[in-house]
Every structure is written in C-alpha cells, then in structure tokens.
Amino acid sequence: MTHYEKRAAEILAGMTDKEKVGQVFLAHCPDGGGREIFAEYQFGGVLAFAREFEKRTPEEARALFAGQNGVSKLPLLVAVDEEGGTVVRVSKFEQYRKERFPSPKELFAAGGWRGIAGDTREKCALLRSVGINYNLAPVCDYSLDETAFISKRVFGRSAEETARFISSVVRTMKKEKIACSLKHFPGYGGNSDTHLDMACDVRPFGAFEKEDLLPFIAGIRAGAHSVMVAHNIVNCIDPEYPASLSVPVHKLLRETLGFRGVIITDSLTMNAIRHFTNGADPCVRALLCGNDMLITASTTKGADAVYEALKSGELPREVLDRAVTNVLIMKQKIGILR
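Within any chain, residue numbers begin from 1 and follow the written order of that chain's sequence. For this predicted model, a pLDDT threshold of at least 70 governs which residues receive local features, and a threshold of 80 or more governs which side-chain atom pairs are given and counted, while totals over whole chains, interfaces and linings are taken from all residues. Hydrogens are left out, water is left out, and the side-chain values use all remaining heavy atoms of the structure.

J.: What's the story with the overall build of the chain in this structure? I'm lost.
T.: To qualify as a helix, a DSSP run of H or I must reach at least 4 residues; to qualify as a strand, a run of E must reach at least 2; elements of each kind are numbered from the N terminus. Summing up its helical and strand segments, the chain has 13 helices and ten strands in all. For this measure, only C-alpha atoms enter the radius of gyration; the expected value for a globule follows 2.2 Å times N^0.38, where N is the number of residues. Taken over the C-alpha trace, the chain has a radius of gyration of 19 Å; the compact-globule value for 338 residues is 20 Å, and the two agree within 12%. Dimensions of the chain, computed from the C-alpha atoms along their principal axes, are close to 50 × 45 × 40 Å. In the chain, buried positions account for 59% of the 338 residues. Looking at the chain alone, contacts between residues at least 24 apart form 74% of all its contacts between residues at least 6 apart. Method for areas: the Shrake-Rupley scheme with a 1.4 Å probe, in which residue coverage is limited to the protein chains shown. For the chain, the exposed area adds up to about 14,000 Å²; of that, 50% sits on carbon and sulfur atoms. Charged residues are defined narrowly, with Lys and Arg counted positive, Asp and Glu counted negative, and His plus the chain ends left uncounted. Charge positions are represented by NZ for Lys, CZ for Arg, CG for Asp and CD for Glu. When the 44 basic and 42 acidic side-chain charges of the chain are each reduced to a single mean position, those positions are 6 Å apart. Buried residues are those whose accessible area, probed at 1.4 Å on protein chains only, stays under 20% of the maximum for their type, while exposed residues exceed 50% and partly exposed ones sit between those limits. When checking whether two residues touch, look at their non-hydrogen atoms; a contact exists if any pair is within 4.5 Å.

Next up, the structure:
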C-alpha cells in the first residue's frame, strides 16, 4: 500500500455514507455559488463554465471558489475545460487574458514543439491564480478529418505526434500541480456530437490500436491524473452501451492499458445518454461500470439516487469506496489534500 493509499484509507474511515457519495461528483457550479448545497452534499469538486468568469474579476472568481471550499470538509477539485481554441472558459474574457489560449493546432503552427510546454505552464499559472486546480484537458482524440465534429479541438497530426503532444502537456501539468484529464476515451474519431445525440463508431479494434489509443497510452505513461470517458458507442468494444456506461470499455482502460487514476464521465446529462437510462438517473450505472467521478447538471438528483442505491444494496459499498479512494488519491497528488 502506497502512502497515498494509506492516507486515503484513513480519511475514508472517518467519512459518512453521504460524504462518500458527495466525493464522487464534480458538481456544476450553481448560480450564485451555492454554498448551502456544497455544505449539505460535500461534493468532491465543482465544474465551472464561462458564465462563472464572464462578469467577474479574477479576484471575484477566486472568492467564489474559496466560498465553496470554505464549507467543504475536504478540499474541492475546482475544474474547467480550458483546452485552448474553441473550448475555453477563462481566457475567453479579456480580464483574464488578452487573447484566448490557442488551439493545439494553432499552438503547434506558431511555435512547434518548443511552444507546447510554455503554453501549458502559462495556462496552469492562470488557472491557479483564480483558484482552479483541475483542467479537463488535454484532448487526446485523433482525427485528420477537417469535417469531423472534434476537428477544431484535436492536435491534427499523426497519432504518434499526437501522443508526443499529450505526453508533453501531461508531464508539464504534473509539475505545475494542476490535475489533468485525458479525453475522450477510447477516442472520438470522426463521430458526431454526442451533446446532441448518440454516435456509433463502427471501426475495427485494429484502428484504435494503431491510432486512437496511442495518445491515451502516452498520457497514462506520463502520469495522467484522470481519464474522461466518451458517450459514443464503440462497436468493436461494446455494441450495446456508450463508452461511459460500458464495462468492457472500463476493463480496457484499467486492465489492458493499466490506468490506475480517476476515471471520470463526460456530462451524464448529454442527449446521447438519454437513450440508455429509460428515465432513470444514470449515475448509479456509471459507478457500477467503473467510473470514479461523475459530471451531471442534475447533481443533487444524482447524489440522492446514488445514496438510495447504496442503502438498498444496488450499489455495493466496495464500489463506492473504490471510487472515493481514487478521488482522494488524486487530491493528494496535486497537493490540495494532506
């Protein structure tokens, strides 16, 4: 047992069931900050969007997250999607940065390999300055198709070069003590937007082995803190369930690729997921199939569903404890939990 695991076990032993349930949620930031909700549910983290920064100064944004932390028994993971390019939450606004961070393609075109580490360091410094410690980036998806939904967000070069890019970003983020998340496992490819509807990938597994998985493997070897799982159905791995709710997809990540960090879902309120829940909250299924942390706009509803599943026995206690342990270890590794 590592010292991280030992410390996590000590903390876990002193937590109530409701506190454990709260730790597996990365809650959407409520309007006005929602300190009362954070005090009641004891979420593991908060996910901020552009609206949290648009009309706030850097000092006000930092105060917002400090207020949520002030009512939390354990330090919060404070997360954003600050990829660069089309997906930025903080540098989108001039009071934080004169220009938004460039996309991976733009970054490489302007500065080559030498510019990547510098850009990552600057990004980490900006995020730290406003109280953020978790960036849901880098994008590991591989695609050379300029018409693909994911095209503007990817590195846009060969799978091997994308793997080199991911390795550089992850290593730099580790040094900067900002948690990272490789996304969207096992690879978006040329699929349509799962924010809108289900996407089904019919490529053979050999295509993933030769291309899509290489950047994820590089990021895992570089020490990535977390991996975000996509919502697309990957026929060659699991033709029945989207990756985020698929046991075989999680086995691939854990057993074949050897990832030991936090597995986090993409938002469970995306339209793609609705086809597989029959009206039920998807959070319980997401934990049962191997996720450690859950993103959903319906956070309190999801937490209540998980708590009821724990009480009824539908969700085994060891499954929840495993997930909480992984979250606590990640918090230790970025230095917010002692």
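J.: Looking at this structure, I do not really get the sheet that holds strand β5 (residues 179-185). What am I missing?
T.: Two strands in a sheet stick together by hydrogen bonds in their backbones, pointing the same way (parallel) or opposite ways (antiparallel). One open sheet accounts for eight strands, arranged β9-β7-β5-β4-β3-β2-β1-β10; its pairing is parallel. Either end of the sheet is taken by a strand with one partner, and the two such strands are β9 (262-265) and β10 (294-296). Pairing between two strands requires that DSSP report at least two bridges joining them.

J.: Would you mind going over the pairing of β5 with me for this structure?
T.: For a regular strand, side-chain orientation follows a simple rule: the groups alternate between the two sheet faces. The element β5 is largely enclosed, with a buried count of seven among its seven residues. Strand direction decides the pairing type here: strand β4 (residues 134-135) and β5, joined by two bridges, are parallel. Within β5, the residue paired with tyrosine 134 across the bridge is alanine 179. Look down the strands so they point away from you; if the path from the first strand over the helix to the second goes clockwise, the crossover is right-handed. Note that the unit made of β4, helix α8 (residues 159-175) and β5 has a crossover that is right-handed. By the bridge criterion, three bridges tie β5 to strand β7 (residues 226-229) in an arrangement that is parallel. Of the residues in β7, the one forming a bridge with serine 181 is serine 226.

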